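Understanding the architecture of this molecule
Residues per chain are reported as follows:
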Amino acid sequence: MKTIKHPKLKKIIFNIAGICLLYAVCFYYGKAMEASGPAVSLKFHEVITEAAKEHDLHPALIAAVIHAESNFNPKAVSYAGAKGLMQINPPTQRYLKLKNAYDVRQNVDAGTRYLKELISKFGGDVSLALAAYNAGPGAVSRFDGIPPYKETRAYVKKVLAYYQVYRRALDSAALIS
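Residues numbered from 1 in each chain as written. Predicted model: local features only at pLDDT ≥ 70, side-chain atom pairs only at ≥ 80, totals over all residues. Heavy atoms only, no water.

**Structural notes on the side chain of Thr152**
Put simply, the test is: Each helix is a run of H or I in the DSSP string that is no shorter than four residues. Each strand is a run of E no shorter than two, and both are numbered from the N terminus. Per-residue accessibility, obtained with a 1.4 Å probe over protein chains only, is compared with the maximum for each type, and a residue is labelled buried under 20%, exposed over 50%, and partly exposed between these values. Between two residues, a contact is recorded if the distance between any of their heavy atoms is within 4.5 Å.
Turning to its location among the elements, Thr152 is positioned in helix 8 (residues 150-171). Assessed through its relative accessible area of 2%, Thr152 is described here as buried. When sequence neighbours within four positions are dropped, the list of residues in contact with Thr152 reads Ala131, Asn134, Ala135, Ile146 and Pro147.

**Some thoughts on helix 2 (residues 45-55)**
In an α-helix, one turn spans 3.6 residues; hence positions three or four apart end up facing the same way. Operational definition: For this quantity, the arc is that covered by the directions from the helix axis to the C-beta atoms.
Among the residues of helix 2, those classed as buried are His45, Val47, Ile48, Ala51, Ala52 and His55. On an axial view of helix 2, the arc spanned by its buried residues comes to 165 degrees, and they lie on one face. Summarising the geometry of helix 2, the exposed residues directed more than 90 degrees from the buried face are Glu46, Lys53 and Glu54. Count one or two residues on from helix 2 and you reach Asp56, which has phi positive near 55 degrees.

**What about the side chain of Ser70?**
Convention followed: Counting of polar contacts relies on pairs of N or O atoms within 3.5 Å, with two restrictions inside protein: one atom must be capable of donating a hydrogen and the other of accepting it, and residues adjacent in sequence are counted only when both atoms are side-chain atoms.
Tracing the sequence through the fold places Ser70 in helix 3 (residues 59-70). Exposure remark for Ser70: the relative accessible area of 8% places this residue in the buried category. Within the local environment of Ser70, its side chain forms a polar contact with the backbone oxygen of Leu85, the two atoms lying 2.7 Å apart. When neighbours within four sequence positions are excluded, Ser70 is seen to be in contact with Ala76, Gly84, Leu85 and Gln87.

**Describing the packing of helix 3 against helix 6 (residues 126-135)**
To characterise two packed helices, one gives the angle between the axes of the helices and the distance between these axes. For clarity, the cut-off: To get an axis, a line is fitted to the C-alpha atoms, and for a helix only the part in contact is used. The angle between two axes follows their N-to-C directions and goes from 0 to 180 degrees. By the definition used in this description, the sense in which the near helix is turned from the far one sets the handedness, with an anticlockwise turn below a right angle giving left-handed and a clockwise turn giving right-handed. All residues other than Ala, Val, Leu, Ile, Met, Phe, Trp, Tyr, Cys, Pro, Asp, Glu, Lys and Arg, Gly among them, are scored as polar; the first ten of these are nonpolar and the last four charged.
Here helix 3 crosses helix 6 at 35 degrees, and the two axes come no closer than 13 Å. Seen along the crossing, helix 3 lies across helix 6 with a hand that is right-handed. From helix 3, Leu61, Val65 and Glu69 reach across to helix 6, where they touch Val126, Leu130 and Tyr133. Its residues assigned to classes, the contact of helix 3 with helix 6 shows five nonpolar, no polar and one charged.

**Focus on the packing of aromatic side chains**
Formally: Here is the rule: rings of Phe, Tyr and Trp (six-membered ring for Trp) pair when centre to centre is within 6.5 Å. Planes less than 30 degrees apart are stacked, more than 60 are edge-to-face, and the remainder are tilted.
One pass over the structure, following the stated rule, counts four aromatic pairs. Taking the centre distance of 6.3 Å and the plane angle of 70 degrees together, the rings of Phe72 and Tyr166 count as edge-to-face. Here Phe72, found in the loop between helix 3 and helix 4 (90-95), pairs with Tyr166, found in helix 8; they are 94 residues apart in sequence, far enough to count as distant. Judged on exposure class, the residue Phe72 and its partner Tyr166 are both buried. Centroid distance Phe143 to Tyr149: 5.7 Å. Interplanar angle 85 degrees. Geometry classified as edge-to-face.

**Let's talk about unusual backbone geometry**
Positive phi, normally seen in glycine, also occurs at Asp56, with a value near 55 degrees. Even without being a glycine, Phe72 presents a positive backbone phi close to 65 degrees. Judged by its relative accessible area of 8%, Phe72 is buried.

Next up, the structure:
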């Protein structure tokens, strides 16, 4: 078997393979959810639902950010020192007056409050708010849009994809609180 030497072609093939895998997983889990009925639950659903109601955001968006940030691990720590489910970094933790980033309720409330603030700051544009959540609001303002950072662009796409999956599931009552 020949190896692919052209890096762009290799990247395209891996992207297509990744998309196919994502669709296969979504299809599989979609079928599993249908088969299991409405009793499938979302990890930390009560905390997410409370924060969503408190800050007037769809719980699917909060779940999507948590999934992308920490994969629902409340003890997660990033290389940059961001902590907890919503991966709140130390400067943002101080700004939000978050006492314990590892406390699930405090972390989700602070992260949701911050996300709502970013959505308002960027005129309701969820993509810009997500970019600001990842790269900082200063970067989004400086570039007058989503910064050209590979990580940030991938992050926004990933969260929006998760958001659609969770939203469909929550809106169809496949996930219950």
